[in-house]
Amino acid sequence: MRKKPDTRIKPSEITPEGAFLNRRALLKAAVAAGLVPGIMSASEAATIPAGGEFDPKPTKWPGSVTDKPNSLEDISTYNNYYEFGAAKGDPAANAHTLKTKPWSIQVSGEAAKTGTFTLEDILAPHALEERVYRLRCVEAWSMVIPWVGFPLADLLKRFEPTSQAKFVQFLTLADRNQMPGIRYPILEWPYREGLTIEEATHPLTLVVVGVYGKVLPNQNGAPIRIVVPWKYGFKSAKSIVRIHFTDKRPLTSWNMSAPQEYGFYSNVNPKVDHPRWSQASERKLGGGLLAGRAPTLMFNGYADQVASLYTGLDLAKNF
Amino acid sequence: MAVTTPRWVVTVKVAVWGACLAPFALLVLRALEFHGLSLGADPVQELLNVCGKTGLNLLLLTLCITPIRRSTGINRLISFRRLLGLFGFFYVVLHFTTYVWLDLGFAWDHVFEDIAKRPYITVGFTALLLLIPLAATSTNRMQRQLGRNWVRVHRLVYVIAVLGVVHFWWQVKRDISEPLLYAFLLTVLLGVRLHHAWKLRRKAASQ
């Protein structure tokens, strides 16, 4: 990000009202805008804290769901992260081998500012907030998770995508030395996911670096992932090493492996079943053995915010 | 029965009972969160997995008895087959009960829709239905009454085992390594029988 200073303030860099009272966040935004170059040391910017807890504390986002969040234990021991093994407990058992520092992300394609950026550069100008989102897995279970992050839109704008950037592709690290699951050709490695630019820049789509106020556990996609709460969980790419802007719909790993079962959109939709199982209801985890099922909500309960992205689109065909 | 059971058979039977009940006991302890044990984040799924797989394991074990008996000549082994089969049925019933009760909360419309619409459930449910006559005719009395037909009825276990492996395979999302292993073992077990039948036929032809 440390290219030539640009003194124009772009809409993406206008500090949100909530962060206005926070001097540090304001300073960070000013640094990002090139207004106050070099007066802050890297350690004062939003970074991945070595001690685990974020400082300053992430602000509480007012739009959070009010359901009781799942325990950190549930969130960090029941994972689908096939790079570390296909069983739910494998990522928690194996992900300690992931090296999250140093980390960098390659930005390519239809954008003015491309290149390789360090994680520190990526995070520096952003103020972190805690957002409690529902997570609905395509396997018909769900959790409620207090993520720590910031809107993906704010990050993507900094790369100045061109008018040709219709889609964004995300690639996950695929290093067989760190990820034992890469040896097995279960999915197309590296894991790849994609969104339309409208989905990627929707205010709900989040860049996530933490959970429960602490640094993201490796098995949850450390050090940096995205979360798209109205889509099935596999759409939210973990441990991202590349962001690619493109004018064509990008290939996505699950779609490549079973196109009849996993579409590009993969919006949570109780009316469109998985070919092999019903999506009309879900097991809300955390309620114990007798909790039973709850009806699945259209767009995972985020219909008011996101349904307009899909007006005129046949969601049964574009599943 | 006038013949007394050898002591080793009694010992092994007790051990088999213990081994067959152990997975159930462990599930109960985990469900009660005894001593820090737990069923994990998705306890219903865990119950479904453990009961389903234990049921399938036991059914495949019953299919091991005859080949082992033939190759070792230990005919007594046959007396463990019913025990393994009935325990297999027990776990399959637990698996189905978990699905109907704990997962679907007795929403019968959902159950019937699943059975009708989802091939892997259709197959699994068929396997369960076919197990019922086998369990019902497993007593000594039924065996005597049915005579030759008893063997014919109990050949259904081959169909059931195939359906069970297919049921397992079709519900896996992506990683088929485990069902593949089951399919391989089942192929070996059925292959051994085909080979035996072929040998008998050749022997009969040469005489």
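Quick note: structure is the one above.
Conventions adopted
Residues numbered from 1 in each chain as written. Chains lettered and ligands numbered in written order. Predicted model: local features only at pLDDT ≥ 70, side-chain atom pairs only at ≥ 80, totals over all residues. Heavy atoms only, no water. Pairing = 2+ DSSP bridges. Helix = DSSP H or I, 4+ residues; strand = E, 2+ residues; numbered from the N terminus. Salt bridge = Lys/Arg side-chain N within 4 Å of Asp/Glu carboxyl O. Axes fitted to C-alpha atoms, helices over the stretch in contact; angles between N-to-C directions. Contact = heavy atoms within 4.5 Å. Buried area = accessible area lost by both parts, 1.4 Å probe. Polar contact = N/O pair within 3.5 Å; in protein donor to acceptor, adjacent residues only side chain to side chain. Nonpolar A, V, L, I, M, F, W, Y, C, P; charged D, E, K, R; others polar. Buried < 20%, exposed > 50% of the residue type's maximum accessible area, 1.4 Å probe, protein only. Disulfide = S-S within 2.5 Å. Core = buried A, V, L, I, M, F, W, Y, C linked by side-chain atoms within 4.5 Å. Patch = residues over 30% accessible without salt bridge, like charges linked within 9 Å, V, L, I, M, F, W, Y side chains within 5 Å. Areas by Shrake-Rupley, 256 points an atom, 1.4 Å probe, with all protein chains shown as cover.

### Comments concerning the pairing of strand S12 (residues 281-284) of chain A
All names here are of chain A.
Argument step 1. Bridge count for strand S5 (residues 141-151) against S12 is two bridges, and the pairing is parallel. Along S12, the bridge assignment pairs Ser 142 with Lys 284.
Argument step 2. Two strands pair when backbone bridges link them, and S12 and strand S13 (residues 293-295) are joined in this way by three bridges, in the antiparallel orientation. Its bridge partner being in S13, Ser 281 is matched across the sheet by Pro 295.

### Describing the pattern of salt bridges
Argument step 1. Counting across every chain of the model gives 23 salt bridges over all chains.
Argument step 2. Across the pair B:Arg30 and B:Glu46 runs a salt bridge, and its minimum N-O distance is 3.0 Å. Residue B:Arg30 is found in helix H1 (residues 7-31), and its partner B:Glu46 is found in helix H2 (residues 43-72); the two are separated by 16 residues along the sequence.
Argument step 3. In this structure, a network of salt bridges that share partners links the residues A:Asp273, B:Glu113, B:Asp114, B:Lys117 and B:Arg118.

### Structural notes on the sheet that holds strand S11 (residues 240-246) of chain A
Hydrogen bonding along the main chain pairs the strands of a sheet, whether they run parallel or antiparallel.
Residue and element names in this part refer to chain A.
Argument step 1. Sheet architecture is open: five strands sit in the order S3-S2-S11-S6-S7, paired in mixed fashion. One side of each edge strand has no neighbouring strand; the edge strands of this open sheet are strand S3 (115-118) and strand S7 (192-196). Averaged over all neighbouring strand pairs, the angle between strand axes comes to 20°, with direction disregarded.
Argument step 2. The pairing of strand S6 (residues 167-172) with S7 spans five bridges and is classified as antiparallel. Looking across to S7, one finds that Gln 169 is bridged to Gly 194.

### Some words on the interface of chain A and chain B
Argument step 1. Taken together, the contact pairs 29 residues of chain A with 23 residues of chain B.
Argument step 2. With both chains or domains summed, chain A and chain B bury close to 2100 Å², and 54% of this area falls on carbon and sulfur atoms.
Argument step 3. In terms of surface lost to chain B, no three residues of chain A exceed A:Arg276, A:Arg283 and A:Leu289, which account for 34% of the buried area on that side.
Argument step 4. For the pair chain A and chain B, the interface holds six salt bridges.
Argument step 5. For B:Arg118, the salt bridge identified is with A:Asp273, shortest N-O distance 2.8 Å.
Argument step 6. The interface formed by chain A and chain B holds 11 residue pairs in polar contact (both at pLDDT 80 or more) in total.
Argument step 7. Residues belonging to the side of chain A that touches chain B are distributed by class as follows: 15 nonpolar, eight polar and six charged.

### With respect to the environment of A:Ser163
All names here are of chain A.
Argument step 1. Relative to the assigned elements, Ser 163 resides in the loop between helix H5 (152-158) and S6.
Argument step 2. Residue Ser 163 is classed as exposed on the basis of its relative accessible area of 63%.
Argument step 3. For the pair Ser 163 and Ala 111, spaced 52 residues apart in the sequence, the C-alpha separation amounts to 8.7 Å.

### Comments concerning the state of the cysteines
Argument step 1. A complete count under the given rule lists zero disulfides over all chains for this structure.
Argument step 2. B:Cys51 carries a free sulfur, and the closest cysteine sulfur to it, the one in B:Cys20, is 13 Å from it.

### Overview of the side chain of A:Lys88
Residues and elements named next belong to chain A.
Argument step 1. By secondary structure assignment, the location of Lys 88 is in the loop between helix H2 (72-77) and helix H3 (90-94).
Argument step 2. There is a polar contact of 3.2 Å between the side chain of Lys 88 and the side chain of Asn 80.
Argument step 3. A distance of 2.9 Å separates polar atoms of two side chains, one belonging to Lys 88 and the other to Glu 139.

### Side note on the nonpolar core
Argument step 1. Of all hydrophobic cores here, the largest spans 96 residues; its most connected members are A:Trp147, A:Phe159, A:Phe170, A:Ile224, A:Ile243 and A:Phe245.
Argument step 2. It is S5(A) that provides the largest number of residues to this core, a total of seven residues.
Argument step 3. Counting 22 residues, the second largest nonpolar core, distinct from the first, contains B:Leu56, B:Leu59, B:Val92 and B:Leu163.

### Details of the side chain of A:Asn269
Argument step 1. Within the element layout of this structure, A:Asn269 appears in the loop between helix H7 (253-257) and S12.
Argument step 2. Residues contacting A:Asn269, with those up to four places away along its chain left out, are A:Tyr232, A:Gln279, A:Met298 and A:Leu315.

### Points about a nonpolar patch on the surface
Residue and element names in this part refer to chain B.
Argument step 1. Side chains of Trp 17, Leu 21, Phe 24, Leu 26, Val 28, Leu 29, Leu 32, Phe 34 and Leu 37 sit close together on the surface and give an oily, nonpolar patch of about 780 Å² of accessible area.
Argument step 2. Relative to the helices and strands, Phe 24 is located in helix H1.
Argument step 3. Residue classification places Phe 24 among the partly exposed residues on the basis of a relative accessible area of 30%.

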